[in-house]
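Reading the structure
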Amino acid sequence: MRLRKLLPLVLTVCLLTACAAPAETEAGPRQYQATFLDVFDTVTTVMGYAESEEAFSQTAQAAHDLLLEYHQLYDIYNDYEGLNNLKTVNDAAGTAPVTVDNRILDLLLLCRALYDESGGKVNAAMGSVLTLWHEAREDSIDDPAHAYIPAEDAIQAALEHISFDSVVLDEEASTVYLTDPAQRLDVGAVAKGYAAGKVAETLPEGMVLSLGGNICVTGAKPDGSPWVVGIQDPDGGGTDYAARLDITGGAVVTSGDYQRYYTVDGVTYHHIIDPDTGAPARRYRSVTVLCPDSGLADALSTAVFTMDEAAGRDLLARYGAEAYWIYPDGSAVWTEGCEAYFHP
C-alpha cells in the first residue's frame, strides 16, 4: 500500500481543539496537526504541540507507520507479501493453524476475554455474519436502485458459525486456528481502538490521536488545560454536539448508527450487528465510552450498543468505564462518573 503524504487537517469530526497556532515570534511549543487516509479505512488525525514543524512531522509519521503495521496485520480483505495476517487465518479455517505476529495473538486474547465477559456481545468470530452485511452495504451503495439486505436464511446459517470456542489460540506456538471451516474472524469492533491505544503509548505526553473517532489523549496541553472532545449529535452536522468533554488522558470511543449505513425501501441499516439476532441493533443512536484503555473502550462501546441500558451499565462497572447514551428520540443518559468530564 502506498503511503499518503501527511496533510494539514482543517477540522476534525469529534475534536474541538483546532485553535490557531501561536505567532512565529512567540516562544515555546506550537500546536500542529496532521491527517492521513490509508489506515483502517478511515481518517486518522495526530494533534499536539512541538518545538518545530519538523519535530512534529517526525512524530506524526512514526505514528502513521506503526498504524499501518497494525492495519495490515488486522486486515481481513487483503494479502501482503511475507505477512500472515487475519485474512491468512481466515483462509486457513478448518485446515491448519497459522503462525502469527504476537500483536494478532494479543488482540485475539483480549477478544476472547471480552467475549466471555460480555456474554458474546463482543464477538470477533462473527465474520460470517458481518461479511453478509458488508457485501450488502457495499453493493447497495454502489447501486442504490437495487439496494438489498441479506436474506434471513443466509443470516441464520451464518449465525451457526460464530462461536469463539472454535478459535484456538496457542500462545506458546503463537498460532491461531479456526476449527470451523465456515468461520471467519472480523475484529472491527476492537481493532481500531486497540491499535490506536498501542500507538498512543509511543507518543509524547500531551498529544491526541484520533483514529476514525477512536480518540486517545496522552496528557493535558502544555498549559495544563484539557483537550475538548465532542460527542456528535446523530441528527446534526459534523460540528453539532450533544455534549463536550474535557479530557486529559485515556480514550473516548463512540459507536453510532450514523457512521456506516445504507437505506433499503426507506429503512436505514447500519453496521453494528447484534450477535443475538444477526441484524443491526436498534436501541440507541450512539454510545460513547470513556476508559483509560482504548481497545477496551472500543469493544465496550460496541457491546453496550447492543445491550439494554441496565446490562450495559453492569458491564461498564466491571471495567470502571463511563458512558453516554443517546436514544432514538434524542434523549441522553450517562453514568454518574461521566459528569466529571462535562465541559462547562
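Right, let's walk through the structure included here. Given the structure is predicted, the values throughout are model-derived calculations rather than measurements. (Residues numbered from 1 in each chain as written. Predicted model: local features only at pLDDT ≥ 70, side-chain atom pairs only at ≥ 80, totals over all residues. Heavy atoms only, no water.)

Within the chain, the secondary structure is distributed over eight helices and 17 strands. Taken over the C-alpha trace, the chain has a radius of gyration of 20 Å; the compact-globule value for 344 residues is 20 Å, and the two agree within 12%. Dimensions of the chain, computed from C-alpha atoms along their principal axes, come out at roughly 65 × 50 × 45 Å. Relative to all contacts within the chain whose residues are 6 or more apart in sequence, the contacts with residues 24 or more apart total 61%. With an accessible surface of roughly 15300 Å², the chain has 49% of that area assigned to carbon and sulfur atoms. Positive and negative side-chain charges in the chain, numbering 20 and 51 respectively, have mean positions lying 3 Å apart. (Helix = DSSP H or I, 4+ residues; strand = E, 2+ residues; numbered from the N terminus. Rg over C-alpha atoms; globule rule 2.2 N^0.38 Å. Contact = heavy atoms within 4.5 Å. Areas by Shrake-Rupley, 256 points an atom, 1.4 Å probe, with all protein chains shown as cover. Lys, Arg positive; Asp, Glu negative; His and termini not counted. Charge placed at Lys NZ, Arg CZ, Asp CG, Glu CD.)

In this structure the tally under the stated criterion is 11 salt bridges. Note that Arg-103 is salt-bridged to Asp-101, the shortest N-O span being 3.1 Å. Of the residues examined, Asp-101 reaches a relative accessible area of 28% and is grouped as partly exposed. (Salt bridge = Lys/Arg side-chain N within 4 Å of Asp/Glu carboxyl O. Buried < 20%, exposed > 50% of the residue type's maximum accessible area, 1.4 Å probe, protein only.)

Next up on the list: the sheet that holds strand β15 (residues 286-291). Reading across from one edge, β1-β2-β6-β7-β10-β15-β16-β17 is the order of the eight strands in this open sheet, with antiparallel pairing throughout. Each edge of the sheet is formed by a strand with only one pairing partner; in this case those strands are β1 (30-39) and β17 (332-334). Geometrically, the sheet is characterised by an average inter-axis angle of 10° between neighbouring strands, direction not taken into account. In terms of strand pairing, strand β6 (residues 208-211) meets strand β7 (residues 214-217) through four bridges, oriented antiparallel. Opposite Val-208, over in β7, you have Val-217 as the bridge partner. Together, β1, β2 (42-50) and β6 form the strand contacts of helix α1 (residues 53-74), whose direction differs from that of β1 by roughly 25°. Where helix α8 (residues 309-319) meets the sheet, it contacts β15, β16 (322-326) and β17, and its direction lies at approximately 160° from that of β16. (Pairing = 2+ DSSP bridges. Axes fitted to C-alpha atoms, helices over the stretch in contact; angles between N-to-C directions.)

Let us now look at the nonpolar core. With 73 residues, the main nonpolar core has Tyr-74, Val-176, Leu-185, Val-187 and Val-289 as its most contacted residues. Discounting residues that sit within four places of it in the chain, Tyr-74 has contacts with Phe-40, Leu-86, Arg-103, Ile-104, Leu-107, Val-187, Ala-191 and Tyr-194. Val-208, Trp-227, Leu-245 and Val-252 belong to the second largest nonpolar core, which has 15 residues in total. (Core = buried A, V, L, I, M, F, W, Y, C linked by side-chain atoms within 4.5 Å.)

Below, the discussion takes up the packing of helix α6 (residues 191-200) against helix α7 (residues 294-305). For any two helices packed against each other, the geometry is given by the interaxial angle and the distance between the axes. In the contact formed by α6 and α7, the axes pass within 6 Å of each other and the chain directions differ by 165°. On the basis of their axis angle, the class for α6 and α7 is roughly antiparallel. The two elements α6 and α7 meet at a crossing, and its hand is right-handed. Between α6, through Ala-191, Lys-192, Gly-193, Tyr-194, Ala-196 and Gly-197, and α7, the contact on the second element is made entirely by Ser-294, Gly-295 and Asp-298. (Parallel < 35°, antiparallel > 145°, perpendicular 65-115°, else oblique. Left-handed = near helix turned anticlockwise from the far one by under 90°.)

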